[in-house]
Protein chains: 2
Amino acid sequence: MPVSSARRAPLTRARVLAAATAVADEVGIERLTMRLVADRLDVEAMALYRHVASKDALLEGLVESVVDEVSAACATLDEPQPGPGEDWRAVARRRILTAREVVLRHPWFPSLISARGTMGGSLLRYFDAFSGILLAGGLSPELLHRALHTLGSRVLGFTQELFAPDAPALADPDEATAALEAVAADLPSIARMMAVAVHDADTTIGWCDDQAEFEFGLDVTLDGLEARRREEAGRG
Amino acid sequence: MPVSSARRAPLTRARVLAAATAVADEVGIERLTMRLVADRLDVEAMALYRHVASKDALLEGLVESVVDEVSAACATLDEPQPGPGEDWRAVARRRILTAREVVLRHPWFPSLISARGTMGGSLLRYFDAFSGILLAGGLSPELLHRALHTLGSRVLGFTQELFAPDAPALADPDEATAALEAVAADLPSIARMMAVAVHDADTTIGWCDDQAEFEFGLDVTLDGLEARRREEAGRG
DNA sequence: ACCTGAACACCGTTCAAGT
DNA sequence: ACCTGAACACCGTTCAAGT
């Protein structure tokens, strides 16, 4: 439903991607439609095809946009390499948590990235900058390679969370207790874990404090990699 | 295009899910269509709706099917708990690598699981069995909780691989060298890493040996968690 | 009781036609 | 040169009708 045709800013690829990002943020990626993006730009859907080859290309562009946003946020940290004597883990950690802040604003990003296999240019450049930190920190190129695989999506600030019971349902103590009892018979080990979590409820944010969990898992991983680095250094 | 109507096996939910699994394995999850699943069963698409409430419910059922397959494969291991004096890591490791074998047969499984937020019953039971191993191994319920988050999708045998350059393109040494030179100017750190990988090419399977990378990352994670367990035990 | 046919609303995408 | 209108093929899904 484009408006009658007053003077509009000209359509550009950047405007298309910005509109698509806004649509994804608001209605979710699974409801993003060429026609919805076009509506937001006061244009017919077919006009988009002048700036993106297909819906798939648009989604690819969306990934690049978020990665650019991550890179920009990391640039403001202004500390591309570990300083002399500084642990590489601290530098990598700050970058990763900065990436996480950006990705939290675009919760559809993880699912998009798992859908497509290839890495675009901006993602490669981000990885190159990140790799520079680990090399400067003393990882060998071989260990760097394995470290990137080990960190996986954590490098971009998110993890695939499998174990995520409904947080809201468990926020209320009474409901949580009821859920616990219902679960105890069939799922004894999970029930034990839940009992503890419910008990700690006032010291953490709800059932699963995602930020705390992310940082814990990140530190476990970084520590494990640093241990491998030291082993390697000891041998070499 | 259902056939004229000879005697057929009656449609059941199980047959629908089996057909859908076969379709997903063959054409990929993104091309799975209600009509395609129906065709394979010699039935009209609308007949499926008697056994699944919607396409989304069908996909949910697909997830449950794979998890059941994983659970069945793990059951044949016949070692639900770490034996006395045995490291929990070895038991967890075998289970996870068994899960991986199943998931490798259904490569669409990871993307399906990242798309939907909730955990079905069979996934909860799988997690409960897995949790039992870690508790028997001496992890506290608190640490178990964090361990599950840290392991994330690795518990089911896969990771979100971000850094996956096109393996086939790099299998040929000449092409690999060309790619390396093209990349060296813009991406110095990645180039260093690639140079090493190309050099090692005859000792590993292609550029990225996924199985080896998965096991490396898994061990780094398990070792990190075991270190946390020992810290905890030392304090308690 | 179980499946089918026809239809609806909504996609991505094309292409000739408008300005 | 850039955008639109109409149309096509293909979805998921509904519902009354068939057997």
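Before reading on, note that the structure itself is shown above.
Residues numbered from 1 in each chain as written. Chains lettered and ligands numbered in written order. Predicted model: local features only at pLDDT ≥ 70, side-chain atom pairs only at ≥ 80, totals over all residues. Heavy atoms only, no water.

A.B. asks: Mind showing me how you'd approach the overall build of chain A here?
C.D. replies: The number of helices and strands found in chain A is 11 helices and zero strands. Of all 236 residues assigned to chain A, the portion counted as buried reaches 47%. Long-range contacts, defined as pairs at least 24 residues apart, comprise 71% of the intrachain contacts of chain A with a sequence gap of at least 6. If you sum the accessible surface of chain A, you get close to 11200 Å²; carbon and sulfur atoms cover 54% of it. (Helix = DSSP H or I, 4+ residues; strand = E, 2+ residues; numbered from the N terminus. Buried < 20%, exposed > 50% of the residue type's maximum accessible area, 1.4 Å probe, protein only. Contact = heavy atoms within 4.5 Å. Areas by Shrake-Rupley, 256 points an atom, 1.4 Å probe, with all protein chains shown as cover.)

A.B. asks: Can you help me understand the protein's contact with DNA strand D in this one?
C.D. replies: Close to DNA strand D lie 18 residues, the nearest being E44(A), T33(B), R35(B), Y49(B) and K55(B). Expressed as a percentage, the sugar and phosphate content of the atoms of DNA strand D within 4 Å of the protein is 56%. Contact between DNA strand D and Y49(B): a phosphate oxygen at 2.8 Å from a side-chain N or O atom of the residue. For DNA strand D, a phosphate oxygen lies 2.8 Å from a polar atom in the backbone of K55(B). In terms of residue class, the surface near DNA strand D is built from nine nonpolar, three polar and six charged. (Near = heavy atom within 4 Å. Polar contact = N/O pair within 3.5 Å; in protein donor to acceptor, adjacent residues only side chain to side chain. Nonpolar A, V, L, I, M, F, W, Y, C, P; charged D, E, K, R; others polar.)

A.B. asks: Could you clarify how one ought to interpret the nonpolar core in this entry?
C.D. replies: Where a protein is soluble and globular, its nonpolar side chains tend to be buried together. Residues and elements named next belong to chain A. Ranked by internal contacts, the top residues of the largest apolar core, which has 69 residues, are L62 and F109. Here the element with the most residues in this core is helix 3 (residues 55-75); it accounts for nine residues. Residues in contact with L62, not counting those within four places in the same chain, are L17, A20, T21, I29, L32, W108 and L112. (Core = buried A, V, L, I, M, F, W, Y, C linked by side-chain atoms within 4.5 Å.)

A.B. asks: Explain the relation of the copies chain B and chain A here, please?
C.D. replies: Two copies of the chain are present, and they differ by a rotation about an axis and a shift along that axis. Superposition of chain B onto chain A requires a rotation of 180 degrees combined with a translation of 0.0 Å along the rotation axis, giving an RMSD of 0.0 Å. One copy is carried onto the other by what is essentially a two-fold rotation axis. Mapped onto chain A, 100% of the interface residues of chain B are again interface residues, and the two copies thus contact each other with one and the same surface. (Least-squares fit on C-alpha atoms with pLDDT ≥ 70 in both.)

A.B. asks: Sorry, what's going on with the interface of chain B and chain A here?
C.D. replies: Buried accessible area, meaning the area lost when the parts come together, often serves as the stated size of an interface. Taken residue by residue, the interface counts 53 residues in chain B and 53 residues in chain A. Interface area, chain B with chain A, both sides summed: about 5200 Å², of which 64% is carbon and sulfur. Of all residues in chain B, H149(B), Q160(B) and L162(B) bury the most surface against chain A, accounting for 16% of the area lost on that side. D223(A) is the salt-bridge partner of R228(B), the closest N and O atoms lying 3.1 Å from each other. Of all the secondary structure elements, the ones that give two or more residues to the side of chain B that touches chain A are helix 5 (109-115), helix 6 (121-136), helix 7 (141-151), helix 10 (188-199) and helix 11 (210-235) of chain B. Broken down by element, the side of chain B that touches chain A gets its largest block of residues, 11 residues, from helix 11 of chain B. Per-class residue counts for the side of chain B that touches chain A are 26 nonpolar, 14 polar and 13 charged. (Buried area = accessible area lost by both parts, 1.4 Å probe. Salt bridge = Lys/Arg side-chain N within 4 Å of Asp/Glu carboxyl O.)

A.B. asks: Explain the pattern of salt bridges here, please?
C.D. replies: By the definition in use, this model includes 24 salt bridges over all chains. In this structure, R94(B) and E79(B) form a salt bridge, with 2.6 Å as the shortest nitrogen-oxygen distance. Of this pair, R94(B) sits in helix 4 (residues 88-105) while E79(B) sits in the loop between helix 3 (55-75) and helix 4, placing them 15 residues apart in sequence. A cluster of three or more residues bridged by salt bridges with shared partners is formed by D87(A), R89(A), D223(A) and R228(B).

A.B. asks: Please clarify how the packing of aromatic side chains should be interpreted in this entry.
C.D. replies: Each aromatic ring pair is specified by the distance between its two centres and by the angle formed by the two planes. Evaluation of the coordinates by the stated rule reveals four aromatic pairs over all chains. On the numbers, 6.3 Å between centres and 90 degrees between planes, the contact of Y126(A) with F127(A) is edge-to-face. F127(A) carries the same exposure label as Y126(A), and that label is buried. Taking the ring centre of F214(A) as reference, the NZ or CZ of R100(A) above it sits at 4.5 Å. The cationic tip of R228(A) hangs over the ring face of F216(B); the distance from NZ or CZ to the ring centre is 5.7 Å. (Phe/Tyr/Trp six-rings, centres within 6.5 Å; stacked < 30°, edge-to-face > 60°. Lys NZ or Arg CZ within 6 Å of the ring centre and 35° of its normal.)

A.B. asks: What should I look at first to understand the protein's contact with DNA strand C in this one?
C.D. replies: Around DNA strand C, the surrounding shell holds 18 residues, and the nearest of these are T33(A), R35(A), Y49(A), K55(A) and E44(B). Near-protein atoms of DNA strand C (within 4 Å) split between backbone and bases, with sugar and phosphate holding 57%. Here T33(A) contributes a side-chain N or O atom positioned 3.1 Å from a sugar or linking oxygen of DNA strand C. Here a phosphate oxygen of DNA strand C sits 3.1 Å away from a polar atom, N or O, in the main chain of M34(A).

A.B. asks: Is there a simple way to think about the environment of M194(A) in this case?
C.D. replies: Locating M194(A) in the fold gives a position in helix 10 (residues 188-199). Separated by 17 residues in sequence, M194(A) and T177(A) have C-alpha atoms that sit 9.3 Å apart.

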